Amino acid sequence: MLRSMLFTAAALISCIPCALAEEDIDPDKAYQMHFRAELDPETGHAHVTLDLEQHRRLVRSIELVMPSDRYLNIRPASRIEVDGDRVVWRPREHGSKLQYDFVIDHQRDNGDADARITDTWALLKLDHLFPRASARVVKGARSDSTMELVAPQGWAIETPYGKAGGRIIDVSNPHRFYDRPLGWVLAGELGVRRDTVGDRTIAVASPLGSGIRANDALAFLRWTVPSLVEVLPEFPSLILIVSGSRDMWRGGLSGVRSLYLHSDRPLISGNRTSSMLHELFHVGSGLHGKDGADWIVEGMAEYYSLELLRRSGGISEHRYNEAFEWLARWSDGTQCVATDRSRGKVTAHAAQVMRALDSEIRAATDDKESLDTLVQMLVSANISITNADFREAASQLIDGPVRALTDCP
């Protein structure tokens with residue numbers, strides 16, 4: 001009863017405007033969105049076309065977020081309105097096309113690249129290639145979305161939806177007004193290794209000669225993913241792990257059914273945490289914090305990067321405890337603070353909060369429930385987490401105030 005009721009009010013309040021309840025779906029109110037991009041190494045751009053077809057005017061307008069430093073030559077001018085980074089597209093009654101050129105190369109604040117195109121390969125996120133948007137549609141309308149990626153002859157294309165070279169891929173989600181492709185994509189002259197873990201398929205892809213140890217990664221995942229699936233039963237059936245050249249950003253970034261991990265990142269670091277498992281928790285849970293709750297999501301991911309190693313037998317109980325002792329020493333004096341970007345010592349402290357919360361839940365429920373239970377409830381609620389939501393959920397689960405969160409927002 002608790003699990004089914006806990007987030008009812010929060011879900012109603014936080015319902016995303018473009019989400020559809022299943023009973024609202026009307027097959028006669030579907031419009032077609034075809035996302036097409038041609039990767040062009042000579043210009044460093046992707047030439048993109050968004051092709052909308054509708055049998056009647058279901059879509060009134062689509063507002064896209066298109067910063068001018070990456071989205072060039074947006075056309076046709078007669079059907080768009082530009083206001084800073086916002087572009088409003090007003091399709092014709094039976095549909096029309098929006099075209100633009102997308103700058104693939106991108107650098108983070110520290111100057112390291114997290115997207116790149118060369119003469120032999122390209123690495124980028126579909127989230128950026130096809131920008132975030134909101135659509136004004138008639139009630140009950142939804143998109144049937146497909147994607148087509150075109151690359152130079154001889155290039156392979158790996159996406160979270162499978163191989164994309166020479167294929168039109170269905171990326172539609174029947175519960176959205178406007179659905180677009182998401183996740184990482186790697187194209188070019190690639191080395192790809194695949195394996196199955198139970199019912200899941202995992203692909204590890206990188207440009208030839210990048211140095212990624214794909215077989216090591218697959219062996220590690222065959223060992224640890226079963227424990228991750230116990231925590232996140234709806235873990236995706238297909239996961240793509242990509243890397244780029246060794247001079248790119250030396251970190252990890254999750255995406256929808258996919259993640260980027262630099263080839264030099266160890267599967268288990270010196271402090272026993274795992275960037276791979278940290279990012280896979282993000283991929284599998286899909287959890288996001290808002291209004292200063294990013295510490296919750298990052299703390300969970302860091303906690304489970306250690307907990308999953310312990311459960312799978314990858315590290316002993318002794319080394320597990322040593323890892324948390326190291327996190328405690330490193331983050332000594334760090335406060336539990338509201339933040340929209342949790343990093344470093346804040347995340348290390350948050351992982352300790354999650355461990356304490358897990359112990360408190362187990363003690364209050366005679367070991368019948370745990371932090372796993374809370375995570376599964378949050379995932380099922382399908383909302384962006386706030387600090388208040390998290391505290392209320394934990395409090396209801398243990399039926400009282402939560403000591404582990406006393407000093408937290």
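A. Looking closely at the nonpolar core. L357, L374 and F390 are the most contacted members of the largest nonpolar core, which totals 63 residues. Looking at which element gives the most residues to this core, the answer is helix α6 (residues 294-312), with 10 residues. Setting aside residues up to four positions removed in sequence, L374 forms contacts with L357, I361, F390, A393, A394 and L397. Core analysis: the next-biggest nonpolar cluster, separate from the first, contains 46 residues, V87, I117, F130 and F177 among them.

B. Inspection of the sheet that holds strand β5 (residues 80-83) at higher detail. With antiparallel pairing, the four strands of this open sheet are ordered in space as β5-β6-β3-β11. Two strands bound the open sheet, and with one partner strand each, they are β5 and β11 (133-137). Averaged over all neighbouring strand pairs, the angle between strand axes comes to 15 degrees, with direction disregarded. Examined bridge by bridge, strand β3 (residues 59-65) and β11 share five bridges and lie antiparallel to one another. When the sheet's bridge partners are listed, L64 is paired in β11 with A133.

C. Expanded view of the environment of L308. Looking at the secondary structure, you find L308 in helix α6. With a relative accessible area of 0%, L308 lands in the buried category. C-alpha of L308 to C-alpha of A364: the two residues are 56 residues apart in sequence and 23 Å apart in space. Residues in contact with L308, not counting those within four places in the same chain, are S227, L228, V231 and L277.

D. Representation of the packing of helix α5 (residues 275-285) against α6. Between α5 and α6, whose axes approach to 8 Å, the crossing angle comes to 125 degrees. Classified by the angle between their axes, α5 and α6 sit oblique to one another. As for the relative orientation of α5 and α6, their crossing is right-handed in sense. Here L277, H278, F281 and H282 of α5 come into contact with α6, specifically with V297, E298, M300, A301, E302, Y304, S305, L308 and L309.

E. Layout of the layout of surface pockets. Of the volumes computed, that of the second largest pocket is approximately 190 Å³. Forming the boundary of the second largest pocket are 13 residues, of which I212, R213, S263, R265 and L267 lie nearest the centre.

F. The arrangement of unusual backbone geometry in detail. For the bond running from R75 to P76, omega is 5 degrees, close enough to zero to count as cis. Residue position: P76 is located in the loop between β4 (71-75) and β5. The phi dihedral of R257 falls on the positive side, at around 55 degrees, and the residue is not glycine. Residue R257 is classed as partly exposed on the basis of its relative accessible area, which comes to 28%.

G. Broad picture of the pattern of salt bridges. Following the criterion strictly, the structure yields 18 salt bridges and no others. Across the salt bridge formed by R246 and D264, the nearest N and O atoms sit 2.5 Å from each other. With R246 in the loop between β19 (238-242) and β20 (252-255) and D264 in the loop between β21 (258-261) and α5, this pair connects stretches of sequence that are 18 residues apart. Residue class for D264 comes out partly exposed when judged on its relative accessible area of 29%. In this structure, E307 engages R311 in a salt bridge whose closest nitrogen and oxygen atoms are separated by 2.8 Å. Of this pair, E307 and R311 both sit in helix α6, four residues apart, roughly one helical turn. The exposure class of E307 is buried, given its relative accessible area of 2%. Residue classification places R311 among the partly exposed residues on the basis of a relative accessible area of 25%. Three or more residues are tied together by salt bridges with common partners; here these are E307, R310, R311, E317 and D372.

H. Inspection of the pairing of β3 at higher detail. Judged by how many residues are buried, β3 sits mostly within the fold: five of seven residues are covered. Bridge analysis of β3 against strand β6 (residues 86-89) gives four bridges, and the strand direction is antiparallel. Note on β6: the bridge partner recorded for L64 is V87.

I. Expanded view of the environment of L253. With respect to the secondary-structure elements, L253 resides in strand β20. Since its relative accessible area comes to 22%, L253 is described here as partly exposed. Separated by 58 residues in the primary sequence, L253 and R311 place their C-alpha atoms 24 Å from one another. The contact partners of L253, leaving out residues within four places of it in the chain, are R108, D114, W184, L259, Y260 and E279.

Conventions adopted
- What you see as residue numbers is a count from 1 along each chain, following the sequence as written.
- In keeping with the predicted nature of the model, local features appear solely for residues at pLDDT of at least 70, side-chain atom pairs appear and are counted solely at 80 or more, and the whole-chain, interface and lining totals rest on all residues.
- Water and hydrogen atoms play no part in the side-chain values, which are based on all heavy atoms of the structure.
- We define the nonpolar core as a collection of buried residues of types Ala, Val, Leu, Ile, Met, Phe, Trp, Tyr and Cys that are connected through side-chain atoms lying within 4.5 Å of one another.
- Partly exposed residues are those whose accessible area sits between 20% and 50% of the maximum for their type, while under 20% is buried and over 50% is exposed, using a 1.4 Å probe and protein chains only.
- What counts as a helix is a DSSP run of H or I of at least four residues, what counts as a strand is a run of E of at least two, and both are numbered from the N terminus.
- Contacts between residues were defined by any pair of non-hydrogen atoms, one from each residue, lying within 4.5 Å.
- The pairing criterion for strands is at least two bridges between them, as found by DSSP.
- Comment: axis = line fitted to C-alpha atoms, over the contacting stretch for helices; angle = value between 0 and 180 degrees taken between N-to-C directions.
- To sort the angles, those under 35 degrees are grouped as roughly parallel, those over 145 as roughly antiparallel, those from 65 to 115 as roughly perpendicular, and the leftovers as oblique.
- Crossing chirality is assigned from the near helix's rotation relative to the far helix, an anticlockwise turn below a right angle marking it left-handed and a clockwise turn marking it right-handed.
- Detection works on a 1 Å grid of protein atoms alone, calling trapped sets that fit a 1.4 Å probe cavities and calling open sets with protein on both sides within 12 Å along at least five of seven lines pockets, with lining residues defined by an atom within 4 Å of a point.
- Grid points are joined across faces, edges and corners, and a volume is the space filled by probe spheres set on the points.
- The salt bridge criterion pairs a side-chain nitrogen of Lys or Arg with a carboxyl oxygen of Asp or Glu, the two atoms within 4 Å.

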